Amino acid sequence: MRYIGKEMSRVDGVAKVTGQAKYAAEFQVKNVAYGFIVQSTIAKGSIKSIDTSEAEKQSGVIKIFTHLNSVKRKDKDDAFCALQNEKIVFNGQPIALVVAESFEQARFAARLVKAEYLKEAHLTETEKAPTVDSRGGKVRGNPKEALQNAAVRISAEYTIPIEHHNPMEPHAAIAMWDGDKLSIFDKSQGVKEVQRHLAKSFGIATENVSVVSPFVGGAFGASLNPNYYPFLTAAAAREIKRPVKVNYTRRQMFTGHGYRPYTIQKVQIGASKDGKLQAIIHEAIGNTSTFEDFSETPNGFGRTLYNCPNYDTPYKLAKTDLPTPTWMRAPGAVSGAFAIESAIDELAYELKIDPLQLRIINYAEKDPDTGKPFSSKALMECFKQGAAKFGWEKRKPEPRSMRDGKWLVGWGTATGTWGAMQLPASIRITLKADGTANVGSATADIGPGTYTVITMIAAEFLGISPEKVKFELGDTKLPNAPVQGGSFTTASVGSAAHGAALNIKKKLFDFAVRDFGFAGVSVEDTEMAKGFLFSKKDNSKSVAIADLMKKNNLTEIVENYTSMPSKERNNYTSMAHGAQFVEVKVDEDLGIIKVTKVIEATAVGKIMNPKTSHSQEMGGIVWGIGMALQEQTEIDHRYGKMMTTNLADYHIPSNADVHTVETDFIEEDDKIINPLGIKGMGELCLVGIPAAIANAVFHATGKRIRTLPITIDKIL
Amino acid sequence: MIKFILNNQSVETALPKGTTVLDFVRYHKNLKGTKIGCREGDCGACTILVGELAGEKLKYRTMTSCLMPISNADGKHIVTVEGINRDDGGLTPVQSAMVETSGTQCGFCTVGFVMSLTNFCIDDTPKTNEAAISAIDGNICRCTGYKSIERAALSLCGTAARRNGDAEIHSAIGNEIVPEYFANIKERLSEILNSRFQIANSSNRNPEPGIQNPKFLSGGTDLYVQRPEEMVYADTENLFDSAALRFINETDEFIELGASVVVTDLLESDVFNRLFPNLYKHLKLVSSTPIRNMATLAGNFVNASPIGDMTAWFLALDAEIELSDARSSTRTLPLKDFYLGYKQLAKREDEFISKIRFRKDFTHFNFEKVCKRTYLDIASVNTAISLKMSGDVIEHAHVSAGGVFATPLYLRKTSEFLKGKEISAETIAQANEIIQTEISPIPDVRGSAEYKRLLLRQLFTAHFVELFKANIQ
Ligand SMILES: Cc1cc2nc3c(=O)[nH]c(=O)nc-3n(C[C@@H](O)[C@@H](O)[C@H](O)COP(=O)(O)OP(=O)(O)OC[C@H]3O[C@@H](n4cnc5c(N)ncnc54)[C@H](O)[C@@H]3O)c2cc1C
Ligand code: FES
Ligand code: FES
């Protein structure tokens, strides 16, 4: 291959380093007015009265929307919608939108909107909230009995706090109406989702809504669902008959788009003395809101990882007076892995078996849930390569047995897994006679490098250089694509690009057979490159693509193509896997923890672009470090209010928190998942990291920290 | 009128002087390369370069434009990414390094990193790996995990090296780090400054009624975080650029500093580097490069945060502050007597800090700080100590602690106790007991009360481990 599998700098790099890439809030729209959101200061109850008179007097104020004068949604679902009625369902809920001539004026006036409330008692502690059952997966075998009979048992409870995505770009939308046609610039992981949502909400035809989102400054799940602000923005624009822009502040983001739910997990494991797993009961409770159920089944991911005949994963949701949680990078998996991968480590100490060895003893060769084979699974190679690179064999098994001067040293390991999914996706490729191509699909690029990888795939199979390919995304005028999430974008949209390019070749080939004597050549034996279609076997069979088009009076060939996951996939289980090895150093006196080394070996199918892939993996590992050591949205339960709602208090890792990080790929040649063998990696890379760090901290200190984040005070 | 050079363009504006540079460039100049990530100085997405004439020299520093009022841009060169982009569509070495190392993913943090690294290439710090990495200590990236950006930063050390004999800026132009027009910014700034009697932006006064109007403004790094919506329209007296407040003098007995000295000025001061051998190691624990470029000492003292680092530092030097008012009446007060209660100060509203001074007669100084994140973080607990030793005996000691009381705390009893003692494990243990009686930490998101007590105990001991390694074993 010419491009696929080779290092390529991202195609949107120039736009980004020069500041020319346009994010949602940056489109220049004439006569735009600015909306600023006012938020509730209670968690539950209703608005008794709301006084906007002072605010209205301020210079520049155009209009103030509250539940009393706002546009009401045409259809109803459970998702939160702003300014619909007087009810307050979480602290920080939008209760007014102040629209003014400038951002500063709107913000200035917003603080003068005064609400009085009828307060009701709220409940924001997951531990105390009423629960409902959620889908937990089938019981495998007879776990209770097997647990009873097991020679060795462990049982432990793990807690993960609420965490927020905190992409660097705050959410924003600019909306404008032309009659009953709405166009909106939005920060979105899926423009078609926003389009459907707005069309339904306003009761207008889907094609009357245009959503544009070419660049997204990170999202990590925070823009998968349409959030409340696009509707709010569009509604205001319709009422004042002017374009309106609304930008979340960093603080508003914390209640504006969901979060990783607070999760309590209890893991019980039974094993034989030689380390064979007999039973696992992995219970989980995650918080949700009172008005909507969000489930991510954190305990499901361990099920395919270990060969354990008896397995149960009951799952409950706790109804709290908070906003609804949402998907956050590696949803469910990273939370579940923290519990199960910590518990396996605890078991290893109990059994006095090396934690890596214990994982090897229980390695699942087939999907234990379904008995299906894996379409590919190079986890064992990940174990080997990662361990060798890390020097795992030098590990002393006892906790507190390794030191570096005043620092306690700890080594820990964990495993990660994530589904290798593919969804239907459409694309349009226009190959022009001049050898350039336009490619379009309504997917998104929130940072992983979708612009680049789809460009590479199109270039590869159209036989033109990547500079000749112009790939457009993030616009509802383009063919349908799934949201960018679940690590399935490259597998889905990439398969579509591949299929479309092959179809173009087929069309050209048919012309060549008819017009240029390609009879007897099979399409599989031909290739396109440097402007020619030629036979790889017969030198004499070669024709300029421009000539093929000219002969047929064409200036371009347009191919609309939809790729679907293959039927064959159903006979297999397809997962990506990774092994992580972590070194931490802990200052015994001050409790300071440094993650000094992370080696991660992952098996994620075909690596399309090593450069962007390594970057993506390292970013994910640093997410894992953040989750393990820093990230936490604290709630003051007296007010039901999120407290750490800025980057000073909600810590995400800074450069100085990151030391050696190395990522290795074990390539898998998986012909089953999709023609290019793509699995996806953007989420897998952090699954397991928090557990590996917690395990390393235990090895260093002898302290088992079961509540994230592992902060200094928990060590001392 | 506020007058400055924005990239290659001279601008004058009558906008309210509290307007942030960030909103000015984005909303009024349509320069959207500068990003908004937090508006609180935490993320660095809005980083710009600020060029200022200091005597004969034109000096560039990074600042977070979200916390910087246009009044503090007056008479300066403000550079956004549009001001370093090349006309021919090519990339500067900083920009290419970021692309080639995959230092950009979603791209939202990228321009901030580009600006920080550009400043690294044009300022006069040595082009070491360490300096390159610390140049990006104020930038947060949520995508890349930093490793690729670090590679970009390191790759620039060579490129940024001074070319023979050229002044920094000419060297940087030669290396294509900044465009040609930077060559005569110095002259253009002198013209602006000479064209008027003084930097007075008094015409940009239009306070809105009904706001709590702070009397004084310096770097803005506290005020713009605390009440950004009001600051835009506030009418403050700006002290940041008052030349009379920006000096560091040494006399036989004292070091005297102007109130508007920023943390970076200390870092770059020969006197401070001489008196505080670990200056860099200690001050890099304070906020981040762009914030240190804006954060004044007086602002830190007056903000009175219990965990103010510079406050703890100067309390341990037993510093005095000079308070002045518009009528130029002045009085002097020990810093330790400045704090009456939570955010309550021994100062009239119309008094401002004009000068800070401390005696040089200490032989040892140390500063310790623990926070949850390595950089860019407010301390959970901090402490500083200065000692004058004569032989093994402590002649006098001053100890401060932050994060363990409602105000920044000078530990009077502990300091008194240490006088005349010999350094020993026992002295430290006894002092630690006294400390515990002097503090009353308040539990908050940075830790529980017990945790803070424990931390201060460890940090106080750490002073002696650091200063007298052998003696206390
Ligand atoms: C991201 C970030 C990180 C930070 N990290 C740290 C840290 O690690 N450690 C730390 O200690 N601090 C930290 N800070 C706060 C620190 O930047 C401020 O305390 C700074 O020193 C205040 O100075 P300023 O000039 O910016 O003050 P301003 O915001 O201009 O003013 C602060 C207060 O002082 C008053 N004031 C200013 N000058 C005078 C004067 N001469 N006389 C009388 N009153 C005056 C003002 O009216 C106001 O009340 C951080 C801030 C940010 C934004
Ligand atoms: S916007 Fe984050 S530092 Fe200015
Ligand atoms: S590239 Fe996305 S935040 Fe840095």
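In this text, all values refer to a predicted model and were calculated from it rather than measured experimentally.

Let's shift gears to the overall build of chain A. Within chain A, the regular secondary structure consists of 16 helices and 30 strands. Against the globule reference of 27 Å for 716 residues, chain A gives a C-alpha radius of gyration of 27 Å, in line with a compact fold. Relative to its 716 residues, chain A shows a buried fraction of 61%. Contacts spanning at least 24 positions in sequence make up 81% of the contacts within chain A whose residues lie at least 6 apart.

Our focus in this paragraph is the environment of B:Ile78. Residue and element names in this part refer to chain B. Along the polypeptide, Ile78 turns up in strand 5 (residues 77-79). By the C-beta count within 10 Å, which is 27 here, Ile78 ends up buried. With 219 residues separating them in the primary sequence, Ile78 and Leu297 have C-alpha atoms 23 Å apart. For Ile78, the residues in contact, after removing those within four places along its chain, are Phe4, Ile5, Leu6, Val21, Ile48, Val50 and Ala73.

This next bit is on the packing of helix 17 (residues 425-438) of chain B against helix 18 (residues 449-467) of chain B. All names here are of chain B. At a minimum axis distance of 10 Å, the contact between helix 17 and helix 18 shows a crossing angle of 145 degrees. Taken as a pair, helix 17 and helix 18 cross one another with a handedness that is right-handed. Touching Ile428, Ala431, Asn432, Ile435 and Gln436 of helix 17 are Arg453, Leu456, Arg457, Phe460, Thr461 and Phe464, all from helix 18. For the contact of helix 17 with helix 18, the per-class residue count stands at six nonpolar, three polar and two charged.

Further remarks concern the domain arrangement of chain B. Interface size is often expressed as the accessible area that is lost when the parts come together. All names here are of chain B. Split into domains, chain B comes out as domain 1 (2-194), domain 2 (202-238) and domain 3 (243-472). Centre-to-centre, using C-alpha coordinates, domain 2 lies 28 Å away from domain 3. Between domain 2 and domain 3, the residue contacts involve seven residues of the former and 12 residues of the latter. Across the side of domain 2 that touches domain 3, the residue classes tally to one nonpolar, four polar and two charged.

Residue and element names in this part refer to chain B. Among the 31 residues in the neighbourhood of ligand 1, the closest are listed as Gly41, Ser218, Gly219, Ser287 and Gly299. Elements that contribute at least two residues to the shell around ligand 1 include exactly strand 6 (216-217), helix 8 (223-226), helix 14 (297-303), helix 15 (309-315) and strand 14 (352-359). At five residues, the largest contribution of residues to the shell around ligand 1 is made by helix 14. Residue classes in the shell around ligand 1 are distributed as 17 nonpolar, 11 polar and three charged. When we break the shell around ligand 1 down by domain, the ones giving at least three residues each are domain 2 (202-238) and domain 3 (243-472).

Most of helix 3 (residues 103-110) of chain A is tucked away: eight of the eight residues are buried. For helix 3 of chain A, the set of buried residues is A:Phe103, A:Glu104, A:Gln105, A:Ala106, A:Arg107, A:Phe108, A:Ala109 and A:Ala110. Buried residues belonging to helix 3 of chain A abut strand 1 (33-39), helix 2 (53-57), strand 3 (61-66) and strand 5 (94-100) of chain A together with helix 1 (21-28) and helix 9 (228-231) of chain B.

This part covers the interface of chain A and chain B. Each partner contributes to the interface: chain A provides 61 residues, whereas chain B provides 60 residues. Mapped by element, the contributors of at least two residues to the side of chain A that touches chain B are helix 1 (13-17), helix 3, helix 14 (610-629) and helix 16 (712-715) of chain A. Of the residues forming the side of chain A that touches chain B, the biggest block, seven residues, is contributed by helix 14 of chain A.

A few words on the nonpolar core. The tendency in soluble globular proteins is for nonpolar side chains to be buried side by side. Residues and elements named next belong to chain A. Residues Val98, Ala458, Ile693 and Val697 are the most contacted members of the largest nonpolar core, which totals 364 residues. Beyond its immediate sequence surroundings of up to four residues, Ala458 is in contact with Ile429, Ala437, Val439, Val469, Phe471, Ala497 and Ala501. Ala284, Ile285, Leu317 and Ala318 belong to the second-largest nonpolar core, a separate cluster that totals five residues.

About the criteria used
- Residues numbered from 1 in each chain as written.
- Chains lettered and ligands numbered in written order.
- Predicted model: local features only at pLDDT ≥ 70, side-chain atom pairs only at ≥ 80, totals over all residues.
- Helix = DSSP H or I, 4+ residues; strand = E, 2+ residues; numbered from the N terminus.
- Rg over C-alpha atoms; globule rule 2.2 N^0.38 Å.
- Buried ≥ 20, exposed ≤ 12 C-beta atoms within 10 Å, placed from the backbone.
- Contact = placed C-beta atoms within 7 Å.
- Axes fitted to C-alpha atoms, helices over the stretch in contact; angles between N-to-C directions.
- Left-handed = near helix turned anticlockwise from the far one by under 90°.
- Nonpolar A, V, L, I, M, F, W, Y, C, P; charged D, E, K, R; others polar.
- Domains from an automatic or database assignment.
- Near = placed C-beta within 6 Å.
- Core = buried A, V, L, I, M, F, W, Y, C linked by C-beta atoms within 7 Å.

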